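Given next are the chains, with one letter for each unit.
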Amino acid sequence: MKKQPLVRFSVERPKTVFAVAIIISLAFLTQFPKIKIDTNPKNMLPPDSPVRVWNDTVDAAFGLYTDMMVVGVTNDDGVLNPRTLGKVSRITASALAIKGVAGRDVNAIPTITNVTAEAGGLRVAPLMARNPESAVEIAALKKQLFGNPMFVDRIISADGKTTAVYLPLEKEANGKEIADKLKLITAKEGGPENYYIAGDPVARDTFGAEMFKLMGVFSPIAGFIMFAAIYLMFRSLFLAASMMAVAMISIVWSMGLLVGLGFPVHIMSSMAPVFLMAIATDSIHIFNEFYFRIREGKDKKTAILETMSAVSRPVRYTAMATAAGFGVLLFMSIIPVQVFGGVIAFGTIVLRLLSFSLIPALLTLLNTDKIAKAEGAQGGPNEGDIRGPLATLASIGVNRPVGTVIVSAAAIVISIIGVAKITVNNNMVEWFKKGSDIRTADEVMNKNLGGTSLGYVVAEAGEDGSIKTPAAMRYVEGLQRHLERLPVVGKTSSIADVVKRINYVLHDEGKKYDAIPDNKEEIGQYLFLFGMSAKPSDMDSLVNYPFTKANVWVQLKTWDARAMRAVVAATEEYQKANPLKSGNMTLKPAGNAYFNLVWNDSVLWDMLKGFLAALAVVFIILALANRSMKWAIVGYVPLLFTILLLYGAVGYMGKDFDMPISVLSCLSLGMAVDFAIHFVSRLKQRLAEGNGKGLKDALLWTASRPGKGIMKNAILFAGAFSVMLFAPLTPYITVGAFIVSMMVLSSVFTLVLLPALILTFKGWLFKTKAA
């Protein structure tokens, strides 16, 4: 039996172990009042990242707001009637008073700037100074709305049944809080109109609030499921409470460290408690083996020491594998991903430390008189027994090894084809279930108007005033028409639209004047007149005052990252196909939609790098655990098979490869390899005992005895994450479904495919051929 100083100390001085665990836990608990919460995806990238620096530069240059919300009002009979317009006016007025809304720049039918001609001069004024009452006034408003291309598909739908109120938000404003206030305001107005509240800050801040609410609900539910499952497995309240105590201590230490180091709790790190609770289930192998030792008639102390000697190697290396799977995230560029990986890696190390200290100490307090009865009632296998359901399952691979390997190889090929079908994308709105208020609002507004997702394309020329040239204006206008051909683009706006509108109205709305003027001086005069009369933001948001940059607003009909990717590609295509003859002009994307694209790509590429790094690290750990490259390769196959099947299914289902799935690609490696380490380690122990019954019997014994711990581990792990399947947020459902499937598949493949591989390649694995 191996020397285990920490285990022996814990068995001989359990009270000391309890006291140390309590003191350290209390120290970490003192950090919890300092907790900070951050749900802003922008903070996924560091402040000095190029996309954040560029977006900040663009915001400053054009006086833009980082966040924009939109309130949609629909009426099947049309919104251009006194009753509905009165409601729109009241909603707009109430929104102006909400803290966090930049009231001076709210755009809606009552407040948006309209450009017309009056007495031969330019008139720039709000579109609807007062609510129209008569049919004549309604007709005049309708003419103004549909006669101005800048309004159609922005504040009024082409069919006249939808209008919008655009609400720019001040910095640090909370989208969910503002949305909740808007819901109260619109609820007072009543029907027959329908009201929708959409926009990035609504989805982002609502997701953040729901996320922490769910974790507050799901963590205790997951804990209760684990507690109940352990009790049913071992018929011991003490044992169930012991495992939960170990899990809770690791959570307290890990989250306490997170908060103590000054890191905010982000979307990903909020999931840490459930992950740690599930990872704690690996201790089931200790309890499983301890029960067998007690049933064999060993006294308690001997049973504890022999148990820890038998499982110490696989438990140690599975901890290393899990910590490595999460630890590679520390080397990513996304800060919250780094923090999440560090928290889980630290928590895993804590769990393994407790496995060799607190768990042996707790086992000294267990009443062993009830153990034999409890385990006996479950009909567990005795020493040398190769009967039971797990042995029957393993016999599939043991009795038909070559056939099992061939079928598995065919499934791998089919899975690889499915993996090739995966598309890369991310869409925060789709993190909410279909039918949810946020998703419904987004769908309605995108269908009826230009779109709720906003990106920019910044056109930059070298010299002061160069944007005012007809060539530059027409170049920007040409870019707009080019982008509007994309199905995902619903509306574009630029300073060229303003110039065309002024030229049109000052020439009695003659059709040929709905164009860019032919000389720079005339354009300059138009912009001077407009700047003197309009709200500052009307012009500032479209052009800078040295007139070296113009900002094209691009409204997208989806928050899909690939939508902005299409805009970027189309912009590059336009620039190559249409070089500006006079001077140089660069076109560069910006805005929230562009940030989401860069963030999406950064996360996915980080996860790919992490996945490849985890593959290498986990393989090294397998080789160390088995002291053999050959055994590492064989143990690797069920792991890869599990991952390929799951990602193949993602491809065949047509589901996007988004952030939650990409993160799971790294995590799955660390968790799925645990079973192979336990199986191979205990198989080698069995063969080393030299019982003379041959390799097949040793494999069946491993499936029956250590395999019981593997299956219990899988059930507990899957049970902890199964609660996420009932979440209203799709990332949680994805994580839950992925991990439940992974645990089920990896445990089955370990008991079926791994024995088949060992028998098929036994001549290669063993120096002397096993019988």
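The structure reproduced in this document is the subject of the present report. (Residues numbered from 1 in each chain as written. Predicted model: local features only at pLDDT ≥ 70, side-chain atom pairs only at ≥ 80, totals over all residues. Heavy atoms only, no water.)

### Some points on the sheet that holds strand β4 (residues 162-169)
1) Next: As summarised here, the arrangement of the 3 strands in space is β4-β1-β5, forming an open sheet in which the pairing is antiparallel. Strands at the two margins of the open sheet, each flanked by one partner only, are β4 and β5 (194-198). Between one strand and the next, the sheet's axes are offset by a mean angle of 15 degrees, whatever the strand orientation.
2) Next: With 5 bridges connecting them, strand β1 (residues 67-74) and β5 associate as antiparallel partners. Bridge pairing links Val70 to Ala198 in β5. (Pairing = 2+ DSSP bridges. Helix = DSSP H or I, 4+ residues; strand = E, 2+ residues; numbered from the N terminus. Axes fitted to C-alpha atoms, helices over the stretch in contact; angles between N-to-C directions.)

### Examining the nonpolar core
1) Next: If you look at the biggest cluster of nonpolar residues, it comprises 231 residues, and the most contacted ones within it are Leu182, Phe721, Tyr732 and Ile758.
2) Next: Beyond its immediate chain neighbours, meaning those up to four positions away, Ile758 contacts Trp631, Val634, Phe679, Leu683, Leu695, Leu699, Leu765 and Phe766.
3) Next: Core analysis: the next-biggest nonpolar cluster, separate from the first, contains 22 residues, Val70, Ile109, Met128 and Phe151 among them. (Core = buried A, V, L, I, M, F, W, Y, C linked by side-chain atoms within 4.5 Å. Buried < 20%, exposed > 50% of the residue type's maximum accessible area, 1.4 Å probe, protein only. Contact = heavy atoms within 4.5 Å.)

### What about the sheet that holds strand β6 (residues 453-461)?
1) Next: The 4 strands lie next to each other as β7-β8-β6-β9, forming an open sheet whose pairing is antiparallel. Taken across any chain shown, the strands that pair with only one partner, and hence form the sheet edges, are β7 (489-493) and β9 (585-590). Between one strand axis and the next, the sheet turns by 20 degrees as a mean value, whatever way the strands run.
2) Next: When β6 meets β9, the two strands line up antiparallel, connected through 6 bridges. Following the sheet pairing, Val457 is matched in β9 by Pro589.
3) Next: Across the sheet, helix α22 (residues 561-577) touches β6, β7, β8 (549-556) and β9, and the angle it forms with β9 is around 180 degrees.

### Regarding helix α6 (residues 175-189)
1) Next: With 15 residues, α6 ought to run about 21 Å at 1.5 Å a step, and its terminal C-alpha atoms sit 21 Å apart, in line with that.
2) Next: Taken together, the buried positions of α6 are Gly175, Ile178, Ala179, Leu182, Ile185, Thr186 and Glu189. Burial along α6 is one-sided: seen end-on, the buried residues are contained in an arc of 120 degrees. Looking at α6, the residues exposed on the side facing more than 90 degrees away from the buried face are Glu177, Leu184, Ala187 and Lys188.
3) Next: Check the buried side of α6 and you find it contacts β1, α4 (82-96), β4, β5 and α7 (200-234).
4) Next: Regarding α6, its N-cap is Asn174, as a side-chain oxygen of that residue lies 3.0 Å from the backbone nitrogen of Lys176 further along.
5) Next: Positive backbone phi, approximately 70 degrees, marks Gly190, located one or two places after α6. (Expected span 1.5 Å × (residues − 1). Arc of directions from axis to C-beta. Polar contact = N/O pair within 3.5 Å; in protein donor to acceptor, adjacent residues only side chain to side chain.)

### Some details on helix α15 (residues 389-399)
In an α-helix, one turn spans 3.6 residues, which is why side chains three or four residues apart end up on the same side.
1) Next: Within α15 the residues assigned to the buried category are Leu390, Ala391, Ala394, Ser395, Gly397 and Val398. Burial along α15 is one-sided: seen end-on, the buried residues are contained in an arc of 165 degrees. For α15, the exposed residues lying more than 90 degrees away from the buried face are Pro389, Thr392 and Asn399.

### A few points about the packing of α7 against helix α9 (residues 272-279)
Pairs of packed helices are described in terms of their axes, by the angle between the two and the distance that separates them.
1) Next: Two elements in contact, α7 and α9, have axes whose closest approach is 9 Å; the angle formed by their N-to-C orientations is 10 degrees. The angle between α7 and α9 falls in the class roughly parallel. Contacts from Met215, Ser219, Ala222, Gly223 and Met226 of α7 reach α9 at Pro273, Val274, Met277 and Ala278. (Parallel < 35°, antiparallel > 145°, perpendicular 65-115°, else oblique.)

The values reported here are purely geometric and, on their own, carry no functional implication.
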